[in-house]
Structures are given as structure tokens and as C-alpha cells.
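# Structural characterization, general
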Amino acid sequence: MNRRLALKQLAALGALSAFGSSALAQPQAYQTLGTKVPTEVAGKVEVIEFFSYGCPHCHDFEPLLNNWSKGLPGDVNFIKVPITFNRAEWTTLARIYYTLDVMGEAGKRGPAVFAAIHDEKRPLHREDALMEWVAGSGIDAKRFSDTYKSFGVQSKVQRANQIAAAYKVSGVPMMAVDGRYIISASTAGGYDQMLKTVDELIARSRTEKKG
């Protein structure tokens, strides 16, 4: 009887060990950076979305993100950072974002840019196609062109590349919280879960700031 009991106990321990290994193997919904990236506004929790107008997944995520961002509290500084991955086409799209941002049109026109690229199949990375789209969108074409070609917009794109490198961005859409945590849909388990994880990390960062 003692031998049989001992075998049962060993079997149970083996099952628990297997369960524990399986639990440990589950991917974490976010990653913590080894070195904190400096944030822009002191005292606020910074949240970044890394994206590209050329990314179909960002296109799908955009409506959900826009709805979520409307409910952010005042102590959260939400920023969008366009990614280039050193690709000429995506660099052009990053310039489009910052041009619209400088003009105060990024929030309003962003969905239309996504639609033009992914639904209407317009090659907005080409300047002729871009200016044709601008002219037909009710945007001040001369102001857009001047801003698009400005040193200020070029500097913003360069700064975006630096921020992406600091966060080690390898794919989009990806989000970052307070210079420390990075989250993607693949690690979180989908877009809804990614935003839920961001909410949890905002709350954690708020607590950390309070000490």
C-alpha cells in the first residue's frame, strides 16, 4: 500500500510540474524595457502608438484606437509615432502624418489617409498621387505642400526614427506606456486585449509615479 501511495504521489507531483511548466511558458501580454525611455511631459503617463499608414493591421486597429483614446484621463499624454523601418515609401507616409499634425489635421484626416491607401488603393507614397488626393480632399494644397517639404517635418520624421529605435520597435501596431512597457497585439492576444493591457499599465505607471 505504501508503495502504491508513493507512486500516486509521484504521479501527482509530475502533473503539477507539467502544469507549472505550461503556465510559465505562457507569453506575457507586455514586455518591460531594461532602460526607461525619457518621456515628453513630466508628471503625466505617456502612451505611444507606433504605426504606419501603410500597415493594414494599423488600418484595422485605427477605429478601435480612436474610440479608446477619446476616454483617456487628463493625466495621460497620448502620442502617435509613425514608423518608417528605413523604407522610402513608409518614410513618405510618416511625412504625411507630421504634415497633417503640424496643420492640426492629423486626427481629422487620419482615417481618410488610411482609406485612400487601403480601400481606394491610392499610391500616396508618390508625390503626384499624394497631391492629387490632397487637392480633392478639401485640404489647403499649397500649405500642405510647403509644410510637407519643410525642415520641421523632416526633423520630426528623424526624431520618430530615434524614438522607434529607443523602444526597439520591430512591428506595428505597437504601443508603449510611460517609457517602460511595450505591448503588441500578438503578445497581448488581440487589439481589445492590447488596449486592456495598456489601461492596466497606465494604472500601474500612475501608482509608480506616486511612489
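Note that the coordinates shown come from a computational prediction; the quantities given were computed from them, not determined experimentally.

Further remarks concern the nonpolar core. Core analysis: the largest hydrophobic core is formed by 42 residues, its most contacted members being Phe50, Tyr53, Ile96, Phe144 and Tyr167. For this core, the elements supplying multiple residues, two or more each, are β2 (45–51), β3 (76–82), α3 (88–102), α4 (106–119), α5 (127–135), α6 (141–148), α7 (151–167) and β4 (174–177). Counting residues per element, this core draws most heavily on α3, at seven residues. If sequence neighbours within four positions are ignored, Tyr167 has contacts with Leu33, Val37, Glu46, Ile48, Phe50, Ala176, Gly179 and Ile182. Core analysis: the second largest hydrophobic core is formed by 19 residues, Leu65, Met175, Ile183 and Ile202 among them.

The next subject is the pairing of β4. Two faces make up the sheet, and in a regular strand the side chains alternate between them. Side chains Met174 and Ala176 of β4 all project onto a buried face; the interleaved residues Met175 and Val177 project onto the opposite face, where all are buried too. Two strands pair when backbone bridges link them, and β2 and β4 are joined in this way by four bridges, in the antiparallel orientation. In the strand pairing of β4, Glu49 is matched with Met175. Across four bridges, the pairing between β4 and strand β5 (residues 181–184) is antiparallel. Considered in β5, the bridge of Ala176 is made with Ile182.

Cut-offs and rules
- Residues numbered from 1 in each chain as written.
- Predicted model: local features only at pLDDT ≥ 70, side-chain atom pairs only at ≥ 80, totals over all residues.
- Heavy atoms only, no water.
- Core = buried A, V, L, I, M, F, W, Y, C linked by side-chain atoms within 4.5 Å.
- Buried < 20%, exposed > 50% of the residue type's maximum accessible area, 1.4 Å probe, protein only.
- Helix = DSSP H or I, 4+ residues; strand = E, 2+ residues; numbered from the N terminus.
- Contact = heavy atoms within 4.5 Å.
- Pairing = 2+ DSSP bridges.

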